[in-house]
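Residues per chain, in single letters:
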Amino acid sequence: MERERIFQKHRHPMKTLSLGLQHVLAMYAGAVIVPLIVGGALHFTPQQLTYLIAIDLLACGVATLLQVWGNRWFGIGLPVMLGCAFQAVSPMIAIGLTDGAGVSAIYGAIIASGLFVFLFAGLFGKLIALFPPVVTGSVVTIIGVTLIPVAISDLGGGSPGENPDFGSPLNLALGFGVLLFVILMNRFAKGFPRSISVLLGLIAGTLVAALAGKVDLTPLREASWFHAVQPFYFGKPTFHASAILTMILVAIVSVAESTGVFMALGKIVDKEITDKDLTRGYRAEGLAIMLGGIFNSFPYTTYSQNVGLVQMSRVKTRDVIVVAGGLLILIGFVPKIAALTQLVPTSVLGGAMIALFGLVLSSGIRMLGDQVDLNRHENLLIIACSVGMGLGVTVMPELFDRLPAALRILVDNGIVAGSFTAIVMNLLFNGLGGKRKASMTEVKSDSSETAQATV
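Please read all numbers here as calculations on a predicted model, not as lab measurements.

Cut-offs and rules
- Residues numbered from 1 in each chain as written.
- Predicted model: local features only at pLDDT ≥ 70, side-chain atom pairs only at ≥ 80, totals over all residues.
- Heavy atoms only, no water.
- Helix = DSSP H or I, 4+ residues; strand = E, 2+ residues; numbered from the N terminus.
- Polar contact = N/O pair within 3.5 Å; in protein donor to acceptor, adjacent residues only side chain to side chain.
- Contact = heavy atoms within 4.5 Å.
- Buried < 20%, exposed > 50% of the residue type's maximum accessible area, 1.4 Å probe, protein only.
- Salt bridge = Lys/Arg side-chain N within 4 Å of Asp/Glu carboxyl O.
- Patch = residues over 30% accessible without salt bridge, like charges linked within 9 Å, V, L, I, M, F, W, Y side chains within 5 Å.
- Areas by Shrake-Rupley, 256 points an atom, 1.4 Å probe, with all protein chains shown as cover.
- 1 Å grid on protein atoms, 1.4 Å probe; cavity = no way out; pocket = protein on both sides within 12 Å on 5 of 7 lines; lining within 4 Å.
- Points joined across faces, edges and corners; volume = space filled by probe spheres on them.
- Disulfide = S-S within 2.5 Å.
- Axes fitted to C-alpha atoms, helices over the stretch in contact; angles between N-to-C directions.
- Parallel < 35°, antiparallel > 145°, perpendicular 65-115°, else oblique.
- Left-handed = near helix turned anticlockwise from the far one by under 90°.
- Nonpolar A, V, L, I, M, F, W, Y, C, P; charged D, E, K, R; others polar.
- Expected span 1.5 Å × (residues − 1).
- Phe/Tyr/Trp six-rings, centres within 6.5 Å; stacked < 30°, edge-to-face > 60°.

(A) Local environment of the side chain of Asn-296. Structurally, Asn-296 can be placed in the loop between α13 (275-294) and β2 (300-302). Of note is the side chain of Asn-296, whose polar atom sits 2.6 Å from the backbone nitrogen of Phe-234. Setting aside residues no more than four positions away along its own chain, Asn-296 makes contact with Leu-52, Ile-55, Tyr-107, Phe-232, Tyr-233, Phe-234 and Gly-235.

Pasting the structure below:
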């Protein structure tokens, strides 16, 4: 640690800037893909989508600074980056497309879930007992499984019913070309280029699509150079009980994953993480989630791929992360930069999404394989029923059409339905005590290594 302190004291400002930019690039693809997916599914206009991307990047920066700050009330004070939670993608889309809920209900639920995390930060150790490895691994697997159809649809060019060009040879060539590019980068590239293989794939695919006349520059031309932050851009939030429960569940899973990231970083920087440290970290995450709801962006969570970057670069000081957070805030004030991401054709995005969501799926499988006793029939049954329920509801959401609207929000979403199945069955078969209980610290400290590859 003494060497790191010396390095921090005498580091050239340009080195600090370049190291901060590296952290931004490592999480940039994940940060912009989420608004592209959600905004596309909810049929946002180009102007709305530009705002969503810009405010998301700005909120990522603010959320990062809240966590890095590390005071007596909130912030864990470790070199961590925060970004929009992938777990929230499918639930947000489901809530936004539900009659009687809509976009306003999404942000009401996000604000409520953030307040829940903030107020009950000190009790999360007990709540996390509901998420041992068999549950968390199943949930992460369900998330990957339920998102794959979205990636396949985009690879073809969008929704088959809305795009007459769906599945055209050009769309397939672009989508599978990007997927192949990402695969080859991970096979032959090393170091930092490999860590941003998805971002490079998106850039390469967009350039090829531009040569084929598939890139529309209209959003870039129409975007302004500066915009002010506008809370509740999409309207005043509304609060629906079932939507709030859905986002609280997503928040608990996110906090559970963040716990392991904190523990992994603590080992890297030689700092012992105490219960008080975790509580401050949870409070900062709750504030970040509420911030996302107020700014009409997303719930935020700790990004594990940046942990790998800290380990790879061996730069463990917080000043680099402060610079990265500042860069994200600066970029968020410039809609022109946000509009650049809209140039990515849908099929190009779909090819990258297969790799991204597939990595989420494989992370869940590894968590189950490494941390769960698969020789126990009870654990196999929990995994089978929860993943089956999650996939089944995703494929056939009409199953619950005759239920009341308030209940449908809770069961129409495969992630939520599968998660509740896993939680209830785990309580039934394993309970909360004895050797069958597993802490989230054990789960995520191992799984964070897997998640380094997941943007």
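(B) Spatial organisation of unusual backbone geometry. Positive phi, normally seen in glycine, also occurs at His-43, with a value near 60 degrees. Locating His-43 in the fold gives a position in the loop between α2 (13-41) and α3 (46-69). For His-43, a relative accessible area of 53% gives the class exposed.

(C) A look at the pattern of salt bridges. Under the defined criterion, the tally for this structure stands at three salt bridges. The partner of Asp-370 in a salt bridge is Arg-366, with the nearest N and O atoms 2.9 Å apart. A residue pair is termed a helical-turn pair when its members lie 3 or 4 positions apart in one helix, as Asp-370 and Arg-366 do in helix α17 (residues 346-371) at four residues. Across the pair Glu-378 and Arg-376 runs a salt bridge whose closest N-O atoms are separated by 3.6 Å.

(D) Local environment of a nonpolar patch on the surface. A surface patch of nonpolar side chains, about 360 Å² in accessible area, is lined by Leu-115, Leu-119, Phe-120 and Leu-123. Considering the arrangement of structural elements, one finds Leu-115 in helix α5 (residues 103-119).

(E) Just empty space enclosed by the protein, in detail. The tally for this structure, following the rule as stated, stands at two cavities of 30 Å³ or more. In this structure, the second largest cavity encloses a volume near 30 Å³. In this structure, the second largest cavity is lined by Gln-87, Val-139, Ile-143, Leu-249, Val-250, Val-253, Ile-415 and Ser-419. If you list the elements that add at least two residues to the lining of the second largest cavity, you get α7 (133-155), α12 (241-268) and α20 (414-429). When residues of the lining of the second largest cavity are assigned to their parent elements, the largest contribution, three residues, is made by α12.

(F) Examining the state of the cysteines more closely. For the coordinates displayed, the defined rule picks out zero disulfides. Looking at Cys-60, it has no disulfide partner, and the nearest cysteine sulfur is the one in Cys-84, 5.0 Å off.

(G) A look at the packing of α3 against helix α15 (residues 318-332). Across the interface, α3 lies against α15 with an axial gap of 7 Å and an inter-helix angle of 155 degrees. Looking at the two axes, α3 sits roughly antiparallel to α15. Both α3 and α15 take part in a crossing whose hand is left-handed. Here Ala-54, Leu-57, Leu-58, Cys-60, Gly-61, Val-62, Thr-64, Leu-65, Val-68 and Trp-69 of α3 come into contact with α15, specifically with Arg-318, Ile-321, Val-322, Gly-325, Leu-328, Ile-329, Ile-331 and Gly-332. Considering only residue class, the contact of α3 with α15 consists of 13 nonpolar, four polar and one charged.

(H) The environment of Ile-93, seen in detail. Tracing the backbone through its elements, the reader meets Ile-93 in helix α4 (residues 89-96). Linking Ile-93 and Ala-41, residues 52 residues apart in sequence, is a C-alpha distance of 6.6 Å. Those residues within four positions of Ile-93 in sequence are excluded, and the remaining contacts are Ile-37, Val-38, Ala-41 and Leu-42.

(I) Just α20, in detail. Helix length check: α20, at 16 residues, gives a terminal C-alpha distance of 22 Å against a target of 22 Å (1.5 Å per residue), a fit within 8%. Restricting attention to buried positions, one finds in α20 the residues Gly-414, Ile-415, Val-416, Ala-417, Gly-418, Ser-419, Thr-421, Ala-422, Ile-423, Met-425 and Asn-426. At the C-terminal side of α20, Gly-431 shows a positive phi close to 65 degrees.

(J) Focus on the packing of aromatic side chains. Counted by the stated rule, this structure contains seven aromatic pairs. An angle of 5 degrees between the planes, with centres 6.2 Å apart, marks the rings of Tyr-107 and Phe-234 as stacked. With Tyr-107 in helix α5 and Phe-234 in the loop between α11 (218-222) and α12, the pair connects residues that are 127 residues apart, well separated along the chain. Classification of Tyr-107 by relative accessible area gives buried; the value is 4%. Members of the aromatic cluster, joined through ring pairs, are Phe-44, Tyr-51, Tyr-107, Tyr-233 and Phe-234.

(K) Local environment of the layout of surface pockets. In this model, the largest pocket occupies a volume close to 1,600 Å³. In terms of lining residues, the largest pocket is bounded by 50 residues, among which Ile-37, Gly-40, Ala-41, Val-150 and Asp-154 are the most central. Within the residue set of the lining of the largest pocket, elements represented by two or more residues are α2, α3, α4, α7, α17 and α18 (377-395). Take the lining of the largest pocket: its biggest share by element is six residues, from α7. In the lining of the largest pocket, the residues fall into 20 nonpolar, 20 polar and 10 charged.

(L) Local environment of the environment of Ile-76. Mapped onto the secondary structure, Ile-76 falls in the loop between α3 and β1 (82-84). Residues Ile-76 and Glu-285, 209 residues apart in the sequence, show an inter-C-alpha distance of 9.7 Å. Not counting residues within four places of it along the chain, the set of residues in contact with Ile-76 comprises Gln-67, Gly-70, Phe-262, Lys-271, Ile-273, Asp-277, Arg-280 and Gly-281.

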